[in-house]
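The chain contents come next:
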Amino acid sequence: MTNSTATRTLGLAVMVLITMAGLFAATKLPLVGALVLSVAGLPAFVIILAWGGLWFLLYSALTVTLSSLIATPSTALMLVPLIFMPALFLHAAVKIGLAPLKAVCLALLSATLFSTGLWAVMNSVASNGQGLLPVREQFAKQIAIVEQQLDKIQEKGQESQEAIDTARENLREVFDYTTLLIPATFLFVWHVLTFGIFYAGAMRLAPKLGYEIKSFPPFAEWRFDWNIIWLYMAGWIGYYVLGNTEGWPAREFTISVGANLLAISSIVYYVAGFSLLFFMFDKYKIGSFARMGLSCLALVFTQAVVWFGIIDVWADFRTPKPALFSSDDTDDEF
């Protein structure tokens, strides 16, 4: 690809259309569309990384303007916290020379804080109660549909009353806990997916666009800053201890913050634990069949994997331990 202005202009137009198509899919297909929008947001990171900030601003302005005309201004505004700012944060982290994993973690933290703050502001001033990202409302609708199905089952007498009541109670507990994770943890997971696509796509496109980007280390070597343990501890104390303490001021706020800190740090430690598991596979030469079986178990026993990652903060399984007795010491004794 040449660097001529005409070529870049044509490429910019194509990238704007790609992002707009992803936004349209996200509004029509909530689950599949989320993945499509993450892929469609790749041009934002590619443009700012390969062509610079001026072309990125032009791309952002065109995309928001056209999306506002075709859809609605609020729908177009979703691109700011979901696509544009994450691309900007990741670009800044890469440009200051951070290692790939640290760059993504810094961008992930920045994007989550920004998008959560914007979500809170926009939903507090929304006049129709829907706000910027009506995730909670959409989730409530899905729960209502499940409850209607339970009502039909109860009317037909296909299950006992006790089983129906238990299902309702479990459903309500899931709903109450999940709503605590909206929006922070949901946005965190979104950004994890988006940054993964951004970085992987940029690595594949780097040779064609004339820029360089460092590759990730092998998954078995992924390690995170030990200070994340403080987020886990703060979340655990806020949700399980202070949240269950009668008379604690701002109890509901403490429960909400604690639940999100606990969920986000658990996701990080789950990845760390899974990475450590792959390190053990390589270290002890585990066969393919055993690897598949243990990986499937790790997908089921998620909390065990989380604790595996937490313990590694202190045990440091991946650093070779010095031998208790060296050969030189042995020779000196005899």
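Keep in mind the model is a prediction, meaning the values are calculated, not measured. (Residues numbered from 1 in each chain as written. Predicted model: local features only at pLDDT ≥ 70, side-chain atom pairs only at ≥ 80, totals over all residues. Heavy atoms only, no water.)

Visitor: Just checking my understanding: could you explain the overall build of the protein chain for this structure?
Guide: Looking only at helices and strands, the protein chain has 15 helices and zero strands in total. Of all intrachain contacts in the protein chain linking residues separated by at least 6 positions in sequence, the fraction that spans at least 24 positions is 70%. Taken as a whole, the protein chain presents about 19400 Å² of accessible surface, with 69% of it coming from carbon and sulfur. (Helix = DSSP H or I, 4+ residues; strand = E, 2+ residues; numbered from the N terminus. Contact = heavy atoms within 4.5 Å. Areas by Shrake-Rupley, 256 points an atom, 1.4 Å probe, with all protein chains shown as cover.)

Visitor: It is not clear to me how the environment of Val-39 should be interpreted in this structure. Could you clarify?
Guide: By the element assignment, Val-39 lies in helix H2 (residues 30–40). Overall, Val-39 belongs to the partly exposed group, its relative accessible area being 45%. Each C-alpha atom of the pair Val-39 and Thr-194 lies 7.4 Å from the other, and the pair is 155 residues apart in sequence. (Buried < 20%, exposed > 50% of the residue type's maximum accessible area, 1.4 Å probe, protein only.)

Visitor: Got a minute to help me understand unusual backbone geometry in this structure?
Guide: What is expected of a backbone is that most residues other than glycine have negative phi and most peptide bonds are trans. Following Ile-182, the chain continues to Pro-183 via a peptide bond in cis, the omega torsion being 10 degrees. Its place among the elements puts Pro-183 in the loop between helix H9 (161–180) and helix H10 (184–209). A positive phi angle, close to 55 degrees, is found at Ala-250, a residue other than glycine. Among the secondary structure elements, Ala-250 is positioned in the loop between helix H11 (228–241) and helix H12 (251–283). Phi at Lys-285 is positive, roughly 55 degrees, even though this residue is not glycine. Along the polypeptide, Lys-285 turns up in the loop between H12 and helix H13 (288–300).

Visitor: Looking at this model, I keep getting lost on the nonpolar core. Mind explaining?
Guide: Considering soluble globular proteins, one finds that nonpolar side chains tend to be buried as a cluster. Of all hydrophobic cores here, the largest spans 58 residues; its most connected members are Phe-45, Tyr-59 and Leu-90. Looking at which element gives the most residues to this core, the answer is H10, with nine residues. With near-sequence residues (within four places) excluded, Leu-90 lies in contact with Phe-45, Ala-103, Val-104, Ala-107, Phe-195, Phe-198 and Tyr-199. In terms of nonpolar packing, the next biggest core, distinct from the first, is built from five residues, Leu-150, Ile-164, Leu-171 and Phe-175 among them. (Core = buried A, V, L, I, M, F, W, Y, C linked by side-chain atoms within 4.5 Å.)

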